[in-house]
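As a plain string of letters, each chain reads:
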Amino acid sequence: MENLNWSALPFGYIKTDYNVRCYYRNGQWGELEVSSSEILNIHMAATCLHYGQESFEGLKAFKGKDGKIRVFRMDENAKRLQSSCGGIKMAELPVDRFEEAVRKVIRLNERFVPPYESGSALYIRPLVLGLGAQVGVKPADEYLFLIFVTPVGPYFKTGFKPSKVCIMRAYDRAAPHGTGTYKVGGNYAASLVAGEKAKEHGYAAVLYLDPKEKKYVDECGPANFFGIRGKTYITPASTSILPSITNKSLIQLAETIGLTVERRPVPYEELATLDEAAECGTAAVIAPISQIDDLDENKSFVYSKDGQVGPICNQLYTKLRAIQYGDEPDPFGWVTIID
Ligand code: PLP
Ligand code: COI
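Figured I'd write up the structure that's included with this text. (Residues numbered from 1 in each chain as written. Chains lettered and ligands numbered in written order. Predicted model: local features only at pLDDT ≥ 70, side-chain atom pairs only at ≥ 80, totals over all residues. Heavy atoms only, no water.)

**Focus on the site of ligand 1**
Which entries qualify depends on this criterion: Put simply, a residue is near a molecule or strand once any heavy atom of it comes within 4 Å of that molecule or strand. Two N or O atoms count as a polar contact when they lie within 3.5 Å, although within protein this holds only if one can serve as hydrogen donor and the other as acceptor, and sequence-adjacent residues are included solely when both atoms are side-chain atoms. Areas reported as accessible are Shrake-Rupley estimates using a 1.4 Å probe. Residue values count occlusion only from the protein chains shown. Each helix is a run of DSSP H or I of at least 4 residues and each strand a run of E of at least 2, with the numbering of both proceeding from the N terminus.
Close contacts around ligand 1 come from 16 residues, with Tyr-188, Glu-219, Ser-244, Thr-246 and Thr-282 the closest. Within the side chain of Arg-80, one N or O atom sits 2.7 Å away from an oxygen atom of ligand 1. Between Thr-246 and ligand 1, the recorded distance is 2.6 Å, taken from a side-chain N or O atom to an oxygen atom. About the coverage of ligand 1: the protein hides 96% of its 380 Å² of free accessible area. Of all elements in the fold, only helix 6 (245-256) and strand 16 (276-281) reach the threshold of two or more residues within the shell around ligand 1.

**Looking at the site of ligand 2**
Put simply, the test is: Charged residues are taken to be Asp, Glu, Lys and Arg, nonpolar residues to be Ala, Val, Leu, Ile, Met, Phe, Trp, Tyr, Cys and Pro, and polar residues to be all remaining types, Gly included.
The environment of ligand 2 is formed by Phe-11, Phe-56, Gly-58, Tyr-123, Arg-125, Tyr-155, Lys-183, Tyr-188, Pro-222, Thr-282 and Ala-283. Contacts to ligand 2 include Tyr-123, whose side-chain N or O atom sits 2.6 Å from an oxygen atom. Protein contacts shield 90% of the accessible area of ligand 2, which totals 280 Å² for the unbound molecule. For the shell around ligand 2, a count of residues per class yields seven nonpolar, two polar and two charged.

**Structural notes on the side chain of Ser-84**
Spelled out, the test is: Contact definition: two residues touch when any of their heavy atoms are within 4.5 Å.
Along the chain, the position of Ser-84 falls in helix 2 (residues 74-87). For Ser-84, the side chain forms a polar contact with the main-chain nitrogen of Lys-183, separated by 2.9 Å. The contact partners of Ser-84, leaving out residues within four places of it in the chain, are Ser-55, Tyr-182, Lys-183 and Val-184.

**Side note on the pattern of salt bridges**
Put simply, the rule reads: What makes a salt bridge here is a side-chain nitrogen of Lys or Arg within 4 Å of a carboxyl oxygen of Asp or Glu, nothing more. The rule is simple: take the accessible area with a 1.4 Å probe, protein chains only, and divide by the maximum for that residue type; under 20% is buried, over 50% is exposed, in between is partly exposed.
Enumeration according to the criterion identifies 19 salt bridges in this entry. Here Glu-76 ties to Arg-73 by a salt bridge, and the two come within 3.8 Å at their closest N and O atoms. The exposure class assigned to Glu-76 is buried, which follows from its relative accessible area of 12%. On the basis of relative accessibility, which here comes to 7%, the residue Arg-73 falls in the buried class.

**A few points about a negative patch on the surface**
Short version of the rule: Only residues above 30% relative accessible area that lack a salt bridge enter a patch, with like-charged residues linked at up to 9 Å and the nonpolar side chains Val, Leu, Ile, Met, Phe, Trp and Tyr linked at up to 5 Å. When charges are counted, Lys and Arg contribute as positive and Asp and Glu as negative, whereas His and the chain ends are disregarded. By convention, charge coordinates are those of NZ in Lys, CZ in Arg, CG in Asp, or CD in Glu.
Taken together, the side chains of Glu-31, Glu-33, Asp-96 and Glu-100 make up a negatively charged region of the molecular surface. Relative to the helices and strands, Glu-33 is located in strand 3 (residues 33-35). A relative accessible area of 40% means that Glu-33 is categorised as partly exposed.

**Concerning unusual backbone geometry**
Unlike most non-glycine residues, Asn-26 shows phi in positive territory, near 50°. Position of Asn-26 relative to the elements: it lies in the loop between strand 1 (19-25) and strand 2 (28-29). Judged by relative accessible area, Asn-26 falls into the exposed class, the value being 74%. Of note, Lys-89 is a non-glycine position whose phi angle comes to about 60°, a positive value. Assignment of secondary structure puts Lys-89 in the loop between helix 2 and helix 3 (95-108). Exposure remark for Lys-89: the relative accessible area of 62% places this residue in the exposed category.

Honestly, it's all geometry; don't read function into it.
So, in structure tokens, the structure goes:
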């Protein structure tokens, strides 16, 4: 791929060679199919188009110094996809079929895995769609599981430089006991108005408060939230946030570097007491937060004034990336080598 500028890739779609598909019909999943088409031909009454029967995942593969390709915690993504599908009454794909499809789609598009030096990665986007035609509000009887890949750079333009986020109480991305814990398209549609408004005002993302009382910190539009106070890693527990695999991994890394971990409801007032704050997710990795502006109360919480990344965020980021790229041993069994 001579003509791709690997170290300056955006987080966007770049056409690759193949995608992998699998259909659920007559109560069972079929064989994996390989396609070179970017187009889907689906029924106009498919439930994904009308009633939001759609779920997706996001994971990454990394090329190491040793030339090997490593994929990060794909079993976790497989399980979360099952949970999301169950949450909106779609057929659940077995974990081993998911993993087989991930391996296959990476091998087929190997030439798009960015080289080690670039710091970029291959983003893997699995999705499940309700394909069966329905007009009444009920689950489809046919589904499509599909995976495509695209080489990506950082999700936020600032990369690992701290950026600002904002609080706006007029918007929720999910209901208190709604679909926030599932990775379903509707949550992201629900976040677009607030997300675009935040961007217009120069913010990287919205930091949502809990939708019931607006008393606790929930998460950002596309990533979980964590804060550091002294030697403590603090991250929200909530019924309206996505269980982030990156956050789960950082929790383990935090413990190994001697931090205490607190996963619990995080009152809004606590934002004033944090030393460091960040977003975390597959796309975002760790995106440090320089400042949280509460646009309703005209208040700011500042964590970084000079573009410097806090020491704990720095340490966690370095450790996570080292495991993902294979620079350091993987004591947790998180990476799978694709051969
Ligand atoms: N929260 C939301 C709403 C997300 O979309 C994502 C991205 O997947 C995350 C959190 C982070 O999850 P993960 O670390 O599994 O990518
Ligand atoms: C991810 O981190 O993989 C995401 O899915 C976040 C965003 C691109 C929706």
